[in-house]
Each structure stands twice: as C-alpha cells, then as structure tokens.
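One letter stands for each residue in the lines below.
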Amino acid sequence: MLSGFLSEMRKLVASPDVALDLGTANTRLYANGRGVIADEPSVVRVSPETGSVESVGARAARHGDTLGKNVISPLHGGVIEDVEAASALLAALLRRARRPGLIRPRVLACIPSDACDREREALIEATRRAGASAVTLTPEPLAAAVGIGLDVSLPYAQMLVDIGDGVTDIAVIRSGSIVSSAAVRTACSDLIAAVRQNVAAQHGVELYQREALRLIRHIGVGQRKLSSSPFVAAGADCRTGLLRRVPVNGQDVAEVIDPIVTTIVRAVGQAVKELPSELASEVIESGIHLTGGGAGLPGIADLIAAETLLDVSLAREPMKAVIRGASRMLRVGIATNVWRSE
C-alpha cells in the first residue's frame, strides 16, 4: 500500500527515469514518457588553457572532426577510461530529462557483457556524478535482443552479435538471461583508425572520421570487385591542418581493414564452436542476429555465415537496437523497481 503510494508520488515530482546507451562513438538517452532525448557523439571539448570542459556531444564535435588534445573521447573499447570526462558528457545530456528542483532521474545503463568490476563501477560512478539518483546495469546484447523484437523469454537459445564502435559482443540468450557470452574489444573504431593511419602514412593527410567510414562502407569486406580508379577523400593536412583531398587506393583500404574484420569474424566463429551441444543445436535452428553499427558493413553478414555455417540476419536499424531495447527494459524496470537498493 505504502510502496504504491510512493510510486505514484514519484511520478508527480520526480524527473523521468532514463535508459542510457553510452557508446564509444555515440551516446543515446531515452527518457520515460518522452522518447529519445539525446543521440550525440561521445566526445567532450576541454579548454586548452584551464582543462575545464567547454562543450560536449555534437557541440564539441563541431569544433573539429578529429580527436585531439582538446576534443577527447571518454571511452575506449566500449567502456569508460575517463570518469570525469564521461560524467561531464552525461551531466549535460541528463539535464534534458531533469525537472528543476525535483527528484533526480534513475538510470538503466547498458554495458558490454565482458565488462570487469572496475569498468562497471566506472559507469555507475560517472552516471551518479552526472546527476542520477540510482543506477542499474544491463548487458548490451540483452538490450539489443529486446530492441530488435526477439522474445528473450523463450526457453530455447538465441544468438546475437552486436558489432559496436568499441566492442563486438556475442551472446546466447535463453529464458530471459544470457547463458553464454564472449566479447572482443575490436570493432568499428579499429577499422576507422587503421584506414586513417594508412592514409596519413601514405599521403600526409589525417582523414576525417566520416570520410574513413565512408570509404570502409563503400569498399565493404570479403569478396569484392575493386575499381581501378582511386577514391577521393578529404582530411586535414598533417603539417598545416588545412583541408586536402587525396586519391585513396581501394586495395590499400582493403588490406588494412581485412585483418581487423577477420578478428571479428573468427571471434564469432570461436564462440559458436565453444557452445555446449545443447545450446549449439538450438542456435543452429535460430541462427545469428546481427546488430550494431558494424552490422551494416557490406559483406560482414556473409563472412559470419561462412565462418559459422549458420543463417545470419541483419536487424532493422541495427544502430538503434540497444537504446530501443533499453527503453523497453526501463519500463519493465520501473514497474518492478529494479532500483530497490536506492
């Protein structure tokens, strides 16, 4: 009786609870009852004079396309490396969900399935510093599975591979929980970094990240027919910082990204080989569901299918799977009060 009264009172006076997908490349927030309130780059800009944070997200990214000493990313490999910078980023975004002077929001935050205790604690600390009254964590692949419409309550195994910017997360889900998981801290950011390093070494130009990603998506992976004509890409001259456009050979791009793609594909194959026979037989029936920003890389689904000999299906809007699933899990969490330790 009392708990029901308190729950109703909270609806009236508290800021809406929030689902958080804090990714290496982008941070997405969903506020209960309001929808997605943020989808911005996971970067902060600091003052070169004082070191204090000047701007975050899209505003920080507008100051320059490349990361440097003034524009930094608080995350690497899907987890927080700089708690202070991460809390500054989240504080600015969480303010969009706040009602002035009222109870702070509770946050359901997604995290890679292989995160260690230190990495989990860093996410909780950064989120609390940012203004959350309570934090609970959920595995990213479980949220992604919910987000693409899988019935995770089913009593048979379903496999999901989430290729994000910083981590490739592989999970088998059965009866509402992850029963087997593996992860490799190799993903889209490694592809982009490899292409940029190659172009910088050959042409003295630091490609803009969006240009590197455009090249990767255009060329694809696996079996491809490369044009003999070079691709023209834009970046900053390594000496002057001025805009330069340079011809980039498609074969050169293919050579630097293929080993990284191979690491991702083999990790999925190894995870399948190591499944217990009971889970493996069920996964053979259900196949693999592919989500994350890397899921849309042309050719990646075919490579995983060839490696595992399983059917591979690409989710609709794969980059939004985690936040969409987290928003649904948030609504369940509110009803069941997953923050009982608050």
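Further up the page is the structure itself.
Conventions we followed
Residues numbered from 1 in each chain as written. Predicted model: local features only at pLDDT ≥ 70, side-chain atom pairs only at ≥ 80, totals over all residues. Heavy atoms only, no water. Helix = DSSP H or I, 4+ residues; strand = E, 2+ residues; numbered from the N terminus. Buried < 20%, exposed > 50% of the residue type's maximum accessible area, 1.4 Å probe, protein only. Contact = heavy atoms within 4.5 Å. Lys, Arg positive; Asp, Glu negative; His and termini not counted. Charge placed at Lys NZ, Arg CZ, Asp CG, Glu CD. Pairing = 2+ DSSP bridges. Axes fitted to C-alpha atoms, helices over the stretch in contact; angles between N-to-C directions.

Trainee: Just checking my understanding: could you explain the overall build of the chain for this structure?
Mentor: Across its full length, the chain holds 11 helices and 18 strands. Along the first, second and third principal axes, the C-alpha atoms of the chain reach 75 × 60 × 30 Å. A buried classification covers 51% of the 342 residues belonging to the chain. Sequence-distant contacts, at least 24 apart, represent 63% of the contacts inside the chain between residues at least 6 apart. Separation of charge centres in the chain, based on 37 positive and 37 negative side chains, amounts to 8 Å.

Trainee: Sorry, what's going on with unusual backbone geometry here?
Mentor: Most peptide bonds take the trans form, and the phi angle of most residues other than glycine is negative. Even without a glycine there, the phi angle at Ser-175 is positive, about 55°. Here Ser-175 shows up in the loop between strand E12 (168-174) and strand E13 (177-184). The residue Leu-309 is not glycine, and still its phi comes out positive at about 60°. If you trace the backbone, Leu-309 turns up in the loop between helix H10 (300-308) and strand E18 (312-314).

Trainee: I'm lost on the sheet that holds strand E14 (residues 205-207) in this one. Help?
Mentor: The strands that make up a sheet are held in pairs by hydrogen bonds between backbone atoms, and each pair lies either parallel or antiparallel. With antiparallel pairing, the 3 strands of this open sheet are ordered in space as E14-E15-E16. Edge positions in the sheet fall to E14 and strand E16 (243-248), since each has one partner strand and no second. Here the strands of the sheet are splayed against their neighbours by 55° on average, with no regard to which way each runs. Two elements, E14 and strand E15 (residues 231-237), share 3 bridges in a ladder whose sense is antiparallel. Its bridge partner lying in E15, Leu-207 is registered against Gly-235.

Trainee: Please explain the pairing of E12 as it appears in this structure.
Mentor: Working note: regular strand, side chains alternate between the two faces of the sheet. Burial analysis of E12 places 7 of its 7 residues in the buried class, which makes it a mostly covered element. Of the two faces of E12, both are covered, the one formed by Thr-168, Ile-170, Val-172 and Arg-174 as well as the one formed by Asp-169, Ala-171 and Ile-173. In terms of strand pairing, strand E11 (residues 158-163) meets E12 through 6 bridges, oriented antiparallel. Paired with Gln-158 across the two strands is Ile-173, which belongs to E12. In this antiparallel pair of consecutive strands, E11 and E12, the connection spans 4 residues. Examined bridge by bridge, E12 and E13 share 7 bridges and lie antiparallel to one another. Each bridged residue has a counterpart across the sheet, and for Thr-168 the counterpart in E13 is Val-184.

Trainee: Explain the sheet that holds strand E5 (residues 53-56) here, please?
Mentor: Strand order in the open sheet formed by 3 strands is E5-E4-E6, with antiparallel pairing between adjacent strands. The open sheet has two edge strands with one neighbour each: E5 and strand E6 (71-72). Here 3 bridges tie strand E4 (residues 44-46) to E5, and the two strands are oriented antiparallel to one another. Within E5, the position partnered with Arg-45 by the bridge is Ser-55.

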